[in-house]
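# Observations on the model geometry
Here's the letter readout for the chains.
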Amino acid sequence: MTRTRKAMLGAAGAAAIMLTGTAAAAALTSNTGTFTERQSFSRNDGVQNITSTAFTDVARVAVRIPPGTRRMIDARYTAETMCSGASAGWCSLRIIATRTSAPGFTVELNPAAGTNFAIDSTDGSWEGHAMERSSNYLPAGNYVVSTQAAVVNGATSLWLDDSHMAVEVIRP
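The rules behind these values
- Residues numbered from 1 in each chain as written.
- Predicted model: local features only at pLDDT ≥ 70, side-chain atom pairs only at ≥ 80, totals over all residues.
- Heavy atoms only, no water.
- Helix = DSSP H or I, 4+ residues; strand = E, 2+ residues; numbered from the N terminus.
- Buried < 20%, exposed > 50% of the residue type's maximum accessible area, 1.4 Å probe, protein only.
- Contact = heavy atoms within 4.5 Å.
- Pairing = 2+ DSSP bridges.
- Disulfide = S-S within 2.5 Å.
- Core = buried A, V, L, I, M, F, W, Y, C linked by side-chain atoms within 4.5 Å.

It is worth spelling out the overall build of the protein chain at this point. Check the secondary structure of the protein chain and you find one helix and nine strands. Element order for the protein chain, N to C, with α for helix and β for strand: α-β-β-β-β-β-β-β-β-β. Counting all 172 residues of the protein chain, 37% fall into the buried class. Across the protein chain, every contact between residues at least 6 apart in sequence was considered, and the portion connecting residues at least 24 apart equals 86%.

Put into structure tokens, the structure is as follows:
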């Protein structure tokens, strides 16, 4: 084996070890469903301007999980976005499911990142962005699935346009 080939194999091995170490630190979770039982959609071709540091609803879809069952919810949100403000700021989205039938509760869909998920940074240009989140299996009830937005760390405005939210109810 040539010295060059040995060096390349050594570098590839070192990179594999570094990547494995990085992946081991991540919290990987998964769920499996059999098929999508129902799909619901929300669309908006008007501009929304979010200036709040607290999460604010920007899209909502109502879904129902039948009595005696449990279902997983998978939700996607896409929009044209522009985030403005301080250069270190960003604009964040999250997707939550709120059970409106008793007993009520709210859960952030996974991966639950709070304001740590940046849908856009404060570069001041319009761009198309997307996110997708899923729940663990939820009990029967009526739910409102909401995409929420907030400005973070000096960002002052998140403009959303031409948005689309898709929500799937998935059987185990």
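Turning to the pairing of strand E8 (residues 138–152), a few remarks are in order. Within E8, 13 of the 15 residues are buried, which leaves it mostly tucked inside the rest of the structure. As judged from the 11 bridges shared by strand E3 (residues 56–85) and E8, these two strands associate in the antiparallel manner. Bridging across to E8, alanine 59 finds its partner in threonine 147. Relative to E8, strand E4 (residues 90–99) is paired through 10 bridges, and the arrangement is antiparallel. Bridge pairing in E8 links arginine 94 to glutamine 148.

As a further point, take the state of the cysteines. Covalent bonding between the sulfur atoms of two cysteines defines a disulfide. Applying the stated criterion across every chain yields a total of one disulfide. Each sulfur of the disulfide joining cysteine 83 and cysteine 91 lies 2.1 Å from the other. Here cysteine 83 and cysteine 91 share a disulfide; its torsion about the S-S bond, 80°, makes the bridge right-handed. Take cysteine 83: its relative accessible area is 0%, and that puts it in the buried class.

This paragraph deals with the pairing of strand E5 (residues 105–108). In this sheet, E5 lies alongside E4 in antiparallel orientation, the contact comprising four bridges. The residue of E5 that forms the bridge with alanine 97 is valine 107. Linkage of E4 to E5, two consecutive antiparallel strands, is achieved through a turn of five residues.

Judged by nonpolar contacts, the single largest core of 30 residues is most densely connected at Tyr77, Val145 and Leu158. Per-element tally for this core: the top contributor is E3, with 10 residues.

So, about the environment of leucine 160. Tracing the backbone through its elements, the reader meets leucine 160 in strand E9 (residues 155–170). As for leucine 160 and alanine 79, which are separated by 81 residues in sequence, their C-alpha atoms are 6.1 Å apart. Those residues within four positions of leucine 160 in sequence are excluded, and the remaining contacts are Gly46, Val47, Gln48, Ile50, Val58, Tyr77, Ala79, Glu80 and Thr81.

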